[in-house]
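Now for the letters of each chain:
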Amino acid sequence: MGATTCQQVRVSVSQTGDCFDCATNESLLAGMLRLGRKGIPAGCVNGGCGVCKVRIVEGAVQSLGPVSRAHVSTEEEANGYTLACRVAPTQAVCLEVAARLRKPFLGSAASVAQRPAN
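Named according to an unreviewed UniProt entry, the protein chain is 2Fe-2S iron-sulfur cluster binding domain-containing protein originating from Ottowia beijingensis.

A. Up close: the sheet that holds strand β3 (residues 53–58). Taken together, five strands build an open sheet; the order of strands is β2-β1-β7-β3-β5 and the sheet is mixed. In this open sheet, the two edge strands, each paired with only one partner strand, are β2 (19–23) and β5 (81–83). Taken pair by pair, the neighbouring strands of this sheet meet at an average axis angle of 40°, ignoring direction. In this sheet, strand β7 (residues 93–97) lies alongside strand β1 (residues 8–13) in parallel orientation, the contact comprising three bridges.

B. Region of the structure containing the pairing of β1. Examined bridge by bridge, β1 and β2 share five bridges and lie antiparallel to one another. Paired with Val9 across the two strands is Cys22, which belongs to β2. Where β1 folds back on β2, the antiparallel hairpin that results is connected by five residues, among which Gly17 adopts a positive phi of roughly 80°.

C. How the structure looks around the nonpolar core. Core analysis: the largest hydrophobic core is formed by 20 residues, its most contacted members being Val11, Leu28, Leu29, Ile40, Cys52, Ala84 and Leu95. Only β1, β2, α1 (28–34), β3 and β7 provide two or more residues apiece to this core. Setting aside chain neighbours within four positions, we find Val11 in contact with Asp18, Cys19, Phe20, Cys22, Leu28, Val93 and Leu95.

D. Spatial organisation of the packing of aromatic side chains. Counted according to the given criterion, the structure contains zero aromatic pairs. Of note, Lys53 hangs over the ring of Tyr81, and the distance from its end group to the ring centre comes to 5.6 Å.

E. Main features of the confidence of the model for the protein chain. Residue-level pLDDT values for the protein chain average 82, and 79% of them are 70 or greater. Ranking the elements of the protein chain by mean pLDDT puts helix α3 (residues 109–113) last with 41 and strand β6 (residues 87–89) first with 97. Contacts for the low-pLDDT stretch residues 101–118, under 50 throughout, to residues beyond four places or in other chains number four contacts.

F. Structural detail: the pairing of β3. Where β3 meets β5, three bridges bridge the pair, whose relative direction is antiparallel. Along β5, the bridge assignment pairs Arg55 with Tyr81.

G. Unusual backbone geometry, seen in detail. The residue Val45 is not glycine, and still its phi comes out positive at about 60°. Structurally, the position occupied by Val45 is in the loop between α1 and β3. Judged by its relative accessible area of 44%, Val45 falls in the partly exposed class.

H. The arrangement of the environment of Val9 in detail. The topology assignment puts Val9 in strand β1. Note: C-alpha distance between Val9 and Pro89 (80 residues apart in sequence) is 7.2 Å. Excluding residues within four positions of it along the chain, Val9 makes contact with Phe20, Asp21, Cys22, Thr24, Pro89, Gln91 and Ala92.

About the cut-offs
- Residues numbered from 1 in each chain as written.
- Predicted model: local features only at pLDDT ≥ 70, side-chain atom pairs only at ≥ 80, totals over all residues.
- Heavy atoms only, no water.
- Pairing = 2+ DSSP bridges.
- Helix = DSSP H or I, 4+ residues; strand = E, 2+ residues; numbered from the N terminus.
- Axes fitted to C-alpha atoms, helices over the stretch in contact; angles between N-to-C directions.
- Core = buried A, V, L, I, M, F, W, Y, C linked by side-chain atoms within 4.5 Å.
- Buried < 20%, exposed > 50% of the residue type's maximum accessible area, 1.4 Å probe, protein only.
- Contact = heavy atoms within 4.5 Å.
- Phe/Tyr/Trp six-rings, centres within 6.5 Å; stacked < 30°, edge-to-face > 60°.
- Lys NZ or Arg CZ within 6 Å of the ring centre and 35° of its normal.
- pLDDT = per-residue confidence, 0-100.

Rendered as structure tokens:
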């Protein structure tokens, strides 16, 4: 009957100032989604898509499974990048959402502005 209690720690998203409590045995992404919060983009929630890529600015996390090198290189990982669906906090965390999502069919705002009108 060794039920273990799980500690809750504070997670904050630096770009938005949003905060939520996350259990130390659940992923950062699962903790956010459980509370119905937004802030970290969510895709497949299993490490396959890379949509939830974040950089841990402060605090510490532990791995819940492997992180695909297709989404996080070893150099990025050394600089604090990971997938929010594949790590759990071990203490309070401040994270930064990686701004890599683009709609490729739209192009950049500058290129759209420079297109000639028909």
